[in-house]
Amino acid sequence: MTGIGKLILVTGATGNMGRAVVDELLQMPGVTVRLLVRPEEKSHPVVHRLRKKDGIDYAWGDLTDAASIDRAVAGVNIVLHMGALVSPLADELPPVVVEKVNVGGTQNIVDAIKRQPHADQIRLVYIGTVAQTGSRNPPIHWGRTGDPICIGYNGHYAGTKTRAEAIVAESGLKQWVSIRQTGMAHYDMWKTQGPIMFHNPPNGVMEWSTVEDSARLMAALCGDSIPEDFWRHFYNIGGGEAARLVNHQLMVRMMTAMGVSDFRHILDPKWLATRNFHGQWYLDSDRLHELVPYRHFSIDDFFAELSRRIPWPIRTIMRLFPGLARKQIRKVAEGPGGPITWLRTNDVDHLDAYFGSREEWEHIPSSWDNFPLAQPSRDPVALAHGYDDAKPKREWTAGDLTSAAQFRGGKCHANAPEDPFTPVEWECSLGHQFSMSPNLYLAGGHWCPTCQTDICSYAEAAASNPFFAQVWPGPSAQTSALATPAPLD
């Protein structure tokens, strides 16, 4: 690639991340941005705005339609695949629909690239998610790529993203990468409604990225100075040390931006889950920034800008009438999928998943005065991966593969790896046989494809899989980190 005349296909351009990425790409000289847009979205505000821009090309089609994907991929240099059905919408749709878009759509993208005469030169940037590694409440709140895949309850979205990532990693393409997106701070966050607002444990953690920085990264990956060994790997995107927030700190900052002096005036501690929501602080997000510098707009910058973007009538109402806001939020908690509804109907599955049990919910203080807001340890602690994970993947031996498999309670049936990217035969701790590349198994943290997205088998798997047992039983054994009080800040 020469840096001029690049044709970049963007999927998911009408989403929060996608629209920011397109705006960033349009600032690059000599670039044409092709957008995959469904025909029914022709009147979408983002599409309408971009019609006035130079350098935009439209590919009208759908991720689930292989023929339209072939047309969209024709002649491209780079594919930024951000298109997917995501939570909370993905949690409300039939699983078969989410599977068709997220998994089938990714397969269509890969197949279309492989049909191109210059397939080995096409870059595929796939956007994964922090949800793939599941609930990581303290004390296991530090993470890195290679940690076990662990899908939470009601985690069909994360399961589809895991399967889609495997399609990319096992595609045989020469220039693919999976970027696992963390919580992305964007300017419509304050509009979030629905039961998902109650899923975030106050004492859970997240290392955030801003929508601006995520967009800068995607644009940077279209540049000419990407090291060759960057490709065919997995990375966690995050904002670094300053973006590592405990969720109660996030609530303070969000509510302050909205004009509320104290979130405790409008939220009841008994409404908020204590587990089963993804999030972690990263041991390895700095590495991504070192390879492809992208951090520029900090989480502090974001909240300052968010405060300016929220309409003043909203801020005024929230500031003057917090009781009204509390009533509206309670209505959501009492509605379909809300925690009060779970309690009223004795929905054991949801109560167990998000609180541990009804009995554990009953022990949550009813007043914030008695609810210790924790500050988890900021001393990094890495999970074990079962082999020498400091060794470059090109130096992996049969011994490394055997060690990793044994740590998963399974077996590796390869005498020697041909290379990190050629699949070999494995056996999981429950006896399932499968084929998977060492790269996906070791560096990606994937394990048995049958077990890793089947939460019903997790307890049985953890009993014989020490690798996975490090994060399970996560939802039932992790505490909500109430031991170390911390001031609001």
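Quick caveat, the model's predicted, so the values are computed rather than measured.

1. Re helix 7 (residues 211-220)
Of all 10 residues that make up helix 7, 7 are buried, and the element is covered over most of its length. Residues V211, D213, S214, A215, L217, M218 and A219 constitute the buried set of helix 7.

2. Comments concerning the sheet that holds strand 15 (residues 424-427)
Strand pairing in a sheet takes place through backbone hydrogen bonds and is either antiparallel or parallel in direction. What the 3 strands build is an open sheet, ordered 14-15-16; its pairing is antiparallel. The open sheet has two edge strands with one neighbour each: strand 14 (411-412) and strand 16 (433-436). The pairing of strand 15 with strand 16 spans 4 bridges and is classified as antiparallel. By the bridge assignment for strand 16, V424 is matched with M436.

3. Brief notes about the packing of helix 8 (residues 247-257) against helix 10 (residues 299-309)
The description of two helices packed together rests on the angle between their axes and the distance between the axes. Their axes nearest at 8 Å, the elements helix 8 and helix 10 cross at an angle of 30°. It follows that helix 8 is roughly parallel to helix 10 by the angle criterion. From helix 8, L250, R253, M254 and A257 reach across to helix 10, where they touch I299, D300, F303, L306 and S307. Taken together, the residues of the contact of helix 8 with helix 10 sort by class into 6 nonpolar, 1 polar and 2 charged.

4. Focus: the confidence of the model for the protein chain
Predicted confidence across the protein chain gives a mean pLDDT of 92, with 96% of residues reaching 70 or more. Long-range and interchain partners of residues 475-489, a stretch whose pLDDT sits below 50, account for 37 contacts in this model, where long-range means more than four residues apart.

5. A look at the packing of aromatic side chains
For the structure shown, the criterion picks out 22 aromatic pairs. Where F198 meets W271, the ring centres are 6.4 Å apart and the plane angle is 85°; that geometry is what we call edge-to-face. Of this pair, F198 sits in the loop between strand 8 (184-185) and strand 9 (205-207) while W271 sits in the loop between helix 8 and strand 13 (281-282), and the two are 73 residues apart along the sequence. Taking 5.1 Å as the distance between ring centres and 65° as the angle between the ring planes, the aromatic pair formed by W368 and F371 counts as edge-to-face. By the burial criterion, W368 is buried, and F371 matches it. Three or more aromatic residues joined by ring pairs make a cluster, and in this case those are Y153, W342, Y354 and F355. For R408, the ring lying beneath its charged end belongs to Y441, and the centroid distance is 4.5 Å.

6. Some details on the nonpolar core
Counting 89 residues, the largest nonpolar core has V10, L35, L80, I179, M218 and F230 as its most contacted members. A total of 6 residues in this core trace back to one element, the largest contributor, which is helix 8. Residue contacts for F230: discarding those within four places in its chain leaves V177, I179, L221, Y235, L288, L291 and V292. Listed in part, the 65 residues of the second largest apolar core include V79, A119, I122 and C448.

7. Some details on the sheet that holds strand 7 (residues 176-181)
With parallel pairing, 7 strands are arranged side by side in an open sheet as 3-2-1-4-5-7-11. Edge positions in the sheet fall to strand 3 (56-60) and strand 11 (233-236), since each has one partner strand and no second. In this sheet, adjacent strand axes meet at a mean angle of 20° when their direction is disregarded.

8. Points about the side chain of E41
Turning to its location among the elements, E41 is positioned in the loop between strand 2 (31-37) and helix 2 (45-50). Look past the residues within four positions of E41 in its chain and what remains in contact with it is T14 and V47.

9. Things to note about the environment of Q452
Tracing the backbone shows Q452 in the loop between helix 17 (438-443) and helix 18 (458-464). Judged by relative accessible area, which is 4%, Q452 ranks as buried. In the structure, Q452 is positioned 360 residues away from E92 in sequence and 22 Å away in space, judged by C-alpha atoms. Excluding anything up to four places from it in sequence, Q452 contacts I149, I151, T162, H446, W447 and Y458.

10. Some details on the environment of Y354
Its place among the elements puts Y354 in helix 14 (residues 348-355). On a C-alpha basis, the gap between Y354 and L442 in space is 30 Å, while along the polypeptide they are 88 residues apart. In this structure Y354 touches Y153, N154, H199, A273, T274, R275, N276 and W342, once residues within four positions along its chain are discounted.

Calculation rules
- Residues numbered from 1 in each chain as written.
- Predicted model: local features only at pLDDT ≥ 70, side-chain atom pairs only at ≥ 80, totals over all residues.
- Heavy atoms only, no water.
- Buried < 20%, exposed > 50% of the residue type's maximum accessible area, 1.4 Å probe, protein only.
- Helix = DSSP H or I, 4+ residues; strand = E, 2+ residues; numbered from the N terminus.
- Pairing = 2+ DSSP bridges.
- Axes fitted to C-alpha atoms, helices over the stretch in contact; angles between N-to-C directions.
- Parallel < 35°, antiparallel > 145°, perpendicular 65-115°, else oblique.
- Contact = heavy atoms within 4.5 Å.
- Nonpolar A, V, L, I, M, F, W, Y, C, P; charged D, E, K, R; others polar.
- pLDDT = per-residue confidence, 0-100.
- Phe/Tyr/Trp six-rings, centres within 6.5 Å; stacked < 30°, edge-to-face > 60°.
- Lys NZ or Arg CZ within 6 Å of the ring centre and 35° of its normal.
- Core = buried A, V, L, I, M, F, W, Y, C linked by side-chain atoms within 4.5 Å.

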